[in-house]
Every structure is written in C-alpha cells, then in structure tokens.
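Structural features, examined
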Amino acid sequence: MVIGYADRRVLGLSSGGIRGELGLSAEQFGSVASSYYLLGAVSAVLIGFLATRIRSSLMLGLLVGVWTLAQLPLAFPTTFTVLIGTRIVLGIAEGPANPLSNHELHHWFHGHDRMLPTVLMHGGSNICGLAVAPALAWAIGTWSWHTAFAILAGIGVLWLLLWSLSGKGNHGAARPVRTEAAPIPYRKLLLSSEALAVFVTGFAAYWALALSLAWVPSYLATLGYPQVKGGLIAGAPQATTGVLAIAIGWLAQRRVRRGGSRWAARSAPMAIVLAISGICLFLVPHAERGGLLIVLVSLGLGCSQPVTSLVAVHVSELVPVGQRPAVLTLAFSVPNALAGMCAPAVTGFLVSHASDPATGYGYGFMLAGVLSVAGAVAALWIGRSRLARAVLPRRGFDCRA
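Now for a quick tour of the structure. (Residues numbered from 1 in each chain as written. Predicted model: local features only at pLDDT ≥ 70, side-chain atom pairs only at ≥ 80, totals over all residues. Heavy atoms only, no water.)

Once that is clear, we can look at the state of the cysteines. Counted by the stated rule, this structure contains 0 disulfides. Cys303 carries a free sulfur, and the closest cysteine sulfur to it, the one in Cys280, is 6.1 Å from it. (Disulfide = S-S within 2.5 Å.)

Two side chains bearing opposite charge may form a pair once their charged atoms approach each other closely. Scanning the entire structure with this criterion turns up 1 salt bridge. A salt bridge links Glu94 to Arg8, with the nearest nitrogen and oxygen atoms 3.5 Å apart. Of the two residues, Glu94 is situated in helix 6 (residues 80-94) and Arg8 in helix 1 (residues 2-13); the sequence distance between them amounts to 86 residues. Of the two residues examined, Glu94 and Arg8, each falls in the buried class. (Salt bridge = Lys/Arg side-chain N within 4 Å of Asp/Glu carboxyl O. Helix = DSSP H or I, 4+ residues; strand = E, 2+ residues; numbered from the N terminus. Buried < 20%, exposed > 50% of the residue type's maximum accessible area, 1.4 Å probe, protein only.)

This part takes up the side chain of Arg8. In this structure Arg8 comes out as buried when scored by relative accessible area, which is 12%. Only 3.1 Å separates the side chain of Arg8 from the side chain of Tyr36, close enough to count as a polar contact. Other than its neighbours up to four places away in sequence, Arg8 contacts Tyr36, Arg87, Glu94, Tyr206 and Leu213. (Polar contact = N/O pair within 3.5 Å; in protein donor to acceptor, adjacent residues only side chain to side chain. Contact = heavy atoms within 4.5 Å.)

Let us look at the packing of helix 17 (residues 307-318) against helix 18 (residues 324-353). When two helices pack together, you describe them by how their axes are tilted relative to each other and by the distance separating the axes. The interhelical angle for the contact between helix 17 and helix 18, taken along N-to-C directions, is 145°, at an axis separation of 10 Å. Where helix 17 crosses over helix 18, the handedness of that crossing is right-handed. Residues Thr308, Ala312, Val315 and Ser316 of helix 17 form the contact with helix 18, whose participating residues are Arg324, Val327, Leu328, Ala331 and Phe332. The class makeup of the residues in the contact of helix 17 with helix 18 is 6 nonpolar, 2 polar and 1 charged. (Axes fitted to C-alpha atoms, helices over the stretch in contact; angles between N-to-C directions. Left-handed = near helix turned anticlockwise from the far one by under 90°. Nonpolar A, V, L, I, M, F, W, Y, C, P; charged D, E, K, R; others polar.)

What follows is about the nonpolar core. Grouped together as the largest cluster of nonpolar side chains are 63 residues, with contacts concentrated most on Leu136, Leu301 and Phe365. Examining the composition of this core, we find that 13 residues originate from one element, helix 12 (residues 193-222), more than from any other. Apart from residues lying up to four places away in sequence, Leu301 is in contact with Ala208, Leu211, Ser212, Val216, Pro237, Leu281 and Phe365. Membership of the second largest hydrophobic core comes to 32 residues, among which are Val273, Val311, Val319 and Phe332. (Core = buried A, V, L, I, M, F, W, Y, C linked by side-chain atoms within 4.5 Å.)

A few words now on the environment of Val256. For Val256, the location among the structural elements is in helix 14 (residues 236-257). Judged by relative accessible area, which is 9%, Val256 ranks as buried. Placed 10 residues apart in sequence, Val256 and Arg266 show a C-alpha to C-alpha distance of 9.4 Å.

For the coordinates displayed, the defined rule picks out 10 aromatic pairs. Aromatic pair Trp159 and Trp163: ring centres 4.9 Å apart, planes at 15°, arrangement stacked. Note that Trp159 and Trp163 are positioned in helix 10 (residues 145-165) at a spacing of 4 residues, about one turn of the helix. Classification of Trp159 by relative accessible area gives partly exposed; the value is 25%. By relative accessible area, Trp163 is classed as buried at 17%. Geometrically, the ring pair formed by Tyr219 and Tyr361 is edge-to-face, given 5.4 Å between the ring centres and 65° between the ring planes. Taken together, the residues Tyr219 in helix 12 and Tyr361 in helix 19 (residues 357-379) connect sequence positions 142 residues apart. (Phe/Tyr/Trp six-rings, centres within 6.5 Å; stacked < 30°, edge-to-face > 60°.)

Here's what the structure looks like:
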C-alpha cells in the first residue's frame, strides 16, 4: 500500500518538473493524472473475477511486477506519449491491488476482528504521505523528477523479492476451513440501494484523494511554498487520516464485538468524517496562507480517507467469500476510477480557464467539498438497506473464510 500510493503521489510532486520539461498546460497535466484511471476499473473487474479462481497472493505479486516495470521509462528523458502510456499501464496494474489486498487480509481474521487490521493496512497511504512523499520531494529538488521514478522502481523490485521469500503471503495456518453460504446473485448485490450508497460514498471519498494526489503540490507552489516544504504540507492530510482511521477502526471493532449496531459503528462515522471533509474543503479557498489553510487542507483531504477501510469491511460481510474478490473490485474500483479520471481533469480545466490559477484551484476545492457532503448523506444509508438487514444477521458461514 505504501508503494502503490507513492507511485500515484510522485506525479503530483513532480508536476513542476514534468510540465516545465514537456511544456504541458494545467489542462494537459490534468489529463495525464486522469489517464492513470482510464483502464484501472476494467482491469480491476477482470482481475477480481479471475481472483475467484486464482490465489490472490499470486495475483498481487504479478501486478506489482507489472507496475514496477511501468516506472522505469520515466527514470529517463521521455515524451508526453510515453508519460501517458506508462500512467495507463500503472493504472491497469494498480487498479485491482487495493481490493485484492483487502480480500487477502480478510482471510486471516474473523468478521468482527477485521476493522482494525484493515485500517492498519490502509495506513500505507498515511506512511506514504508522512515519510515517503517528503523524501521523494527532497530527491526531486536535489536531483530531478526522473530520480524519484527510478527510486520507486527499485523499491518495487525489493518488495517482489521480500514477497517471494515470505511464501507469497501464504498464511496457511491462519486460514480456516471454509464453510461458505450460498452465492447471492450479482444482480441483487450490485443493483441494490446498498450498492448505490457504497458507490456514491466511495466516489466522494476518492475524489478528495485524487485531488490531493494530483494537484495539492501545484496548488501550494502557486501560493509560494517551496518544493520540500510543499511536500511536507501535502503529506499533512495523511497524519489526519492516520489518527482518525486508527481511532475509528478501534472504536468500531470494539462496538461490534460487544454486540453494537454496525450502522452506528460504521455508517455514522463515515457520514461524520465526510461532512467535516466537505465543510473544510469548501472553506479552503477563503483562507489566507498560513496555519488555518494547512489545517483546512489537512482535515478536508484527510478526513474522507478512513471511509475506504469502513466500506471494505462492510462489503466483505455482505458478500460470500467466493464472490468477494469480484464484488470488492467493483465496489472499490468503479467509483475510484470514475472519481480518479474526473477529479484531476476537471480541476485542471478549472485552473486553465479561471482568471488566475489560485481561483481555479479554489473552485476545485469547493467542488470536492460539495461532493463530500453528498457522500456523507449517502453514507447514512449504508447498513440500513433491505439487503444489509437480510445478510448481516446471518451466521450461516464462517466470517474468517
């Protein structure tokens, strides 16, 4: 998760060097950032259904190998076409990684014990923002943006070596005997009001993340922050996410284990953090440079990210294990891909066509705020639909399977 988020964040950190070297406008750079998501959802859906028949740990190793190779061409002088092509390949390989990682992890824990481990796994994005992003920003400032991509390719190779030595994630002793319930028709799962609420909530949360990955370093540079300091501030939302995610995960897991309502433990926190995120994002353009601005950016872009962990655990409980890789990829990848394609491109369009770049960025933040509030409203429905009421109380299969 750390490497995957670093691969996405490095483009935003390199935006100044890339745009200067290749002569790209803000709108063109937004298209580059969006191209990452072009085929990610298609890849995720195909790999998700394939993972119902092939071990997910093996699939993860193959995907990391592909996305490591996709970084190498950018370690050298390149062209706009190569830049677009490598981002598309990177998206194809990374698109299924998050849901497959959730599926692999959820093999190892009971249903009521999954919340905190899932939050900790998703904490890879926080480590990326707090530690890796500033280090990459330093490398870019010291050498060049090409160096950052070379470093990430080397880290990918190291991860593959460690993954192979660890038995490719085969924690056989932790995997219980599967006692699975009968499959639920995909039509019933994917066309339910529950699925729609999950889709809208995930779309809103990922819009904020895509905005953060692609444009926050450029926005801070527009305000006069230098490269390294901008990288540190751009990582501040991950500190917010880390604290909130662990706190929410621990409290939610504790409440469910004590027999509390899953709606109160998961849906209500999702709605609260998305509402806070929306309000803060809407206020960002109205804040002066300084501490208040950093607080609003941190809360606005950081509060929405714990939603991902809560959605993953909820979807895993609704779906029999044999269908879980496919449904998780659909629940994650389709809204994520749509938000990922739209957020950088729309923001780039607003920046290019505004009276000045700061005004365009302001419109982008306010749009993200409105979407976050819409996601908060949708989150209130998760766990309250007819499908959730029918499935969640069922105990006909081992939740660890």
